[in-house]
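Coordinate inspection notes
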Amino acid sequence: MGIFDPIDLKGKLTLWAGAVAFLMITVIPASSSAGNVEQGEKIATTRKLGNCVACHYLPNVESPGDIGPNLVEAMQEYTMADRDDVAQWIRDAREFNPGTIMPPFGTNKILTPEQIDDLVAYLYTLKK
Amino acid sequence: MKTNISIAATMLMAPAALLLVLGVISPWNRVQAATQSEDTIEELTPSMSYEEYQKRYEKYYGDATARMAEEGNPADFLLDDGKELAGTVAGSKGKSCASCHGKDALQLKGKATDYPKYNADLKGIMTLPLQINICREKQMGAEPLKYESYDQLALTMYIKSLSNGLPIKVSIDGPAKPFYEKGKAAYYKRRGQLNFSCAICHVEYAGYKARSNLISNNKHHADHWPSYRLKWGKTGSLQRRFRGCLKNMRAKRAAYQSEELRNLELYLTYINNGDLIQVPGMRM
């Protein structure tokens, strides 16, 4: 088997992919900003963006869905130390529940990392 | 020779690396693929009883659908037009449906109850709209009717109405079985950018609200098509509804009467066996 064997090539690509992903994973959180609360609210309530209100209760929204938990209540359980858990719920909730209905907003590139930061910032304003 | 190979390899690598940078071949996609295995269906259970679901449905819609029905169903026009079409000669052989199936095709009374069903020529699943088009092409020498066109819907509606009041009795025995399995797999398959499946909504979360839409339980999903739908302002088929949900899922929409949608129709209709056929239906 030569080194240009297609299978080898694929193996190499996997390694590359791993390396690039590792860089992406380690670099992106470091550059994450505090997030924009106003933008976050807009993302949560706009159909074409996060559309979180399709499933979750959020304040000041007409007829939110009831598929997921009420996010005002849910946020009371989180402290500032849990920011990354909240972000991970949005990035890919399958990490917590493999059979979840909640779309993997980060993994499937529905939202950008910046938009997810904005959402997290907004969600923390719901803490009483 | 060797240099040729390495040039070829570089040419392959460059676009692959680009795809990688663009995130098309990302390891995250692979993680996702791993949770979407098609051969193992973990059946879901509804998170509320059917009685509870009905209570919510009534609370949510009240008598809105009943009132809608009282004002008359715009799809009723398709019944008369479909009947007329069944007697209309078309194509090179000078025939109409009535030439083979009697006046007003009345010999087809009760014949829609076991559709969709396995067909040996197709080596797959035959649906009513597809059967109508195959009759037109093979028996009448006529053009097939475009799916979701007025005439196609009208003929399907009329022929189906000849089975009104009779229970659906679709068979999945023998050669139909693998197509049923494929249909079921399609119903459970996670797909699209939102990573939903039909089942996660219509089984597990039936009765909950997606924003202001009550998610329907799949118990009576197959008995009333074609239906007039207020949101469309038009009559459409079951497969049009499938494609609507697929669009909401941000998933690829298979073509009308494609193998995937026919198998899906077989699965959904089978699980509604016993429901009484009642067309035209009407929905929000």
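Residues numbered from 1 in each chain as written. Chains lettered and ligands numbered in written order. Predicted model: local features only at pLDDT ≥ 70, side-chain atom pairs only at ≥ 80, totals over all residues. Heavy atoms only, no water.

Structural notes on the overall build of chain A
The cut-off we apply is this: Only runs of H or I of at least four residues qualify as helices and only runs of E of at least two qualify as strands under DSSP, and these elements are numbered from the N terminus. For accessible areas, the Shrake-Rupley method is used with a probe of radius 1.4 Å. Any residue's cover is judged against the shown protein chains and nothing else.
Scanning chain A from terminus to terminus reveals five helices and zero strands. Listing the helices and strands of chain A from first to last along the sequence gives α-α-α-α-α. By element, 61% of the accessible surface of chain A is carried by carbon and sulfur atoms, the whole surface being about 7,400 Å².

Comments concerning the overall build of chain B
Convention followed: For the exposure calls, accessible area comes from a 1.4 Å probe over protein chains only, and a residue counts as buried if that area is under 20% of its type's maximum, exposed if over 50%, partly exposed in between. Whether two residues are in contact is decided by their heavy atoms, any of which lying within 4.5 Å being enough.
A count of helices and strands for chain B gives twelve helices and seven strands. When each of the 284 residues of chain B is scored for burial, the buried share is 45%. Contacts in chain B between residues far apart in sequence, at least 24 positions, make up 69% of those at least 6 positions apart. Total accessible area on chain B stands at roughly 15,000 Å², and carbon and sulfur atoms take up 55% of it.

Digging into the pattern of salt bridges
Put simply, the rule reads: What counts as a salt bridge is simple: a side-chain nitrogen of Lys or Arg found within 4 Å of a carboxyl oxygen of Asp or Glu.
Enumeration over the complete set of coordinates arrives at eleven salt bridges over all chains. When the shortest N-O distance is used, the salt bridge between Lys117(B) and Asp114(B) registers 3.4 Å. Overall, Lys117(B) belongs to the partly exposed group, its relative accessible area being 28%. Overall, the relative accessible area of 25% leaves Asp114(B) in the partly exposed class. Through salt bridges with shared partners, a single ionic network connects Asp66(A), Glu52(B), Lys55(B) and Arg56(B).

Here's the deal with the confidence of the model for chain B
Residue and element names in this part refer to chain B. In plain terms, the rule: pLDDT is defined as a per-residue confidence score from the predictor, taking values between 0 and 100.
On average, residues of chain B carry a pLDDT of 88, and 86% of them reach 70 or more. Across residues 1-37 the pLDDT falls below 50, and counting only partners more than four positions away or on other chains, this stretch makes 36 contacts in the model. In the predicted assembly, ipTM is 0.84 and pTM is 0.84.

With respect to the packing of aromatic side chains
Residue and element names in this part refer to chain B. To keep things clear, this is the line we draw: What counts as a ring pair is set by centres within 6.5 Å for rings of Phe, Tyr and Trp (its six-membered ring), and what kind of pair is set by the plane angle: stacked under 30 degrees, edge-to-face over 60, tilted for all other angles. Remark: a charge is flagged as sitting over a ring if the NZ atom of Lys or the CZ atom of Arg is within 6 Å of the ring centre and within 35 degrees of the ring normal.
Inspection of the entire model under this criterion finds twelve aromatic pairs over all chains. Put simply, the rings of Tyr50, Tyr53, Tyr57, Tyr60 and Tyr61 pair up and form one aromatic cluster. Geometry around tyrosine 256 places arginine 243 over its ring, the cationic atom sitting 4.5 Å from the centre.

Thoughts on the packing of helix α2 (residues 37-45) of chain A against helix α5 (residues 113-124) of chain A
Residue and element names in this part refer to chain A. Under the convention used in this document: To define axes, lines are fitted to C-alpha atoms, for helices over the stretch in contact only, and angles between the resulting N-to-C directions are given on a 0 to 180 degree scale. Throughout, the term roughly parallel applies to angles under 35 degrees, roughly antiparallel to angles over 145, roughly perpendicular to angles from 65 to 115, and oblique to all others. Residue type decides the class: Asp, Glu, Lys and Arg count as charged, Ala, Val, Leu, Ile, Met, Phe, Trp, Tyr, Cys and Pro as nonpolar, and the leftover types, Gly among them, as polar.
Viewed as axis vectors pointing N to C, α2 and α5 meet at an angle of 100 degrees, and their least axial separation amounts to 7 Å. For the element pair α2 / α5, the angle class is roughly perpendicular. Where α2 approaches α5, its residues Val37, Gln39, Gly40, Glu41, Ile43 and Ala44 are matched on the opposing element by Gln115, Asp118, Leu119, Ala121 and Tyr122. Its residues assigned to classes, the contact of α2 with α5 shows six nonpolar, three polar and two charged.

Focus on the nonpolar core
Selection rule: To define a nonpolar core, start from buried Ala, Val, Leu, Ile, Met, Phe, Trp, Tyr and Cys residues and group those joined through side-chain atoms within 4.5 Å.
Leu58(A), Ile90(A), Leu111(A), Leu123(A) and Tyr187(B) are the most contacted members of the largest nonpolar core, which totals 75 residues. Among the elements that make up this core, the one with the highest residue count is α5(A) (six residues). Non-local contacts of Tyr187(B), meaning those with residues more than four positions away in its chain, are made with Ser197(B), Cys198(B), Ala199(B), His202(B), Val203(B), Asn218(B), Leu264(B), Tyr267(B) and Leu268(B). Judged by nonpolar contacts, the second largest core, of 16 residues, contains Ala86(B), Leu128(B), Leu145(B) and Leu162(B).

Overview of helix α8 (residues 150-161) of chain B
Residue and element names in this part refer to chain B. Selection criterion: Expected helix span is given by 1.5 Å per residue-to-residue step, counting one fewer step than there are residues.
Given a rise of 1.5 Å per residue, twelve residues ought to cover 16 Å, and the 16 Å separating the end C-alpha atoms of α8 matches this to within 8%. Burial analysis of α8 places ten of its twelve residues in the buried class, the great majority of the element. Inspection of α8 places Gln152, Leu153, Ala154, Leu155, Thr156, Met157, Tyr158, Ile159, Lys160 and Ser161 among the buried residues, and these make up the whole buried set. Buried residues along α8 sit against α5 (76-86), α6 (97-101), α7 (128-140) and β6 (234-236).

Quick look at the confidence of the model for chain A
Residues shown with low pLDDT carry predicted positions that ought not to be read at fine detail. Residue and element names in this part refer to chain A. Per-residue confidence for chain A gives a mean pLDDT of 84; residues scoring 70 or more make up 74%. Low pLDDT (under 50) marks residues 1-13, which in the prediction has eight contacts with non-local residues, meaning those over four places away or in another chain. Counted against residues more than four places away or in other chains, residues 25-32, with its pLDDT under 50, gives four contacts.

Some details on the sheet that holds β6(B)
Residues and elements named next belong to chain B. So the rule is basically this: In this scheme, strands are said to pair when DSSP sees at least two bridges between them.
An order of β6-β5-β7 is seen for the three strands of this open sheet, with the pairing classed as mixed. Among the strands making up the open sheet, the edge pair consists of β6 and β7 (281-283). The sheet shows a mean angle of 30 degrees between the axes of neighbouring strands, taken without regard to direction. Relative to β6, strand β5 (residues 227-229) runs antiparallel, the two sharing three bridges. Across the sheet, the residue bridging to tyrosine 228 is threonine 235, located in β6.

Looking at the environment of Leu130(B)
All names here are of chain B. Structurally, leucine 130 is set in helix α7. Its relative accessible area of 12% is what places leucine 130 among the buried residues. Apart from residues no more than four positions distant in its own chain, leucine 130 is found in contact with Leu122, Ile125, Tyr147, Gln257 and Arg262.

Focus on α2(A)
Residues and elements named next belong to chain A. Note the cut-off: In this description, one arc is meant: the one made by directions from the helix axis to the C-beta atoms. Here a polar contact means two N or O atoms within 3.5 Å. Within protein one must be a hydrogen donor candidate and the other an acceptor candidate, and residues neighboring in sequence count only if both atoms are side-chain atoms.
Taken as a whole, α2 has its buried residues at Gly40, Ile43 and Ala44. Buried residues along α2 cover an arc of 100 degrees about the axis, so they all sit on one side. Check the buried side of α2 and you find it contacts α5. N-cap assignment for α2: the residue whose side-chain oxygen lies 3.0 Å from the backbone N of glutamate 38 is asparagine 36.

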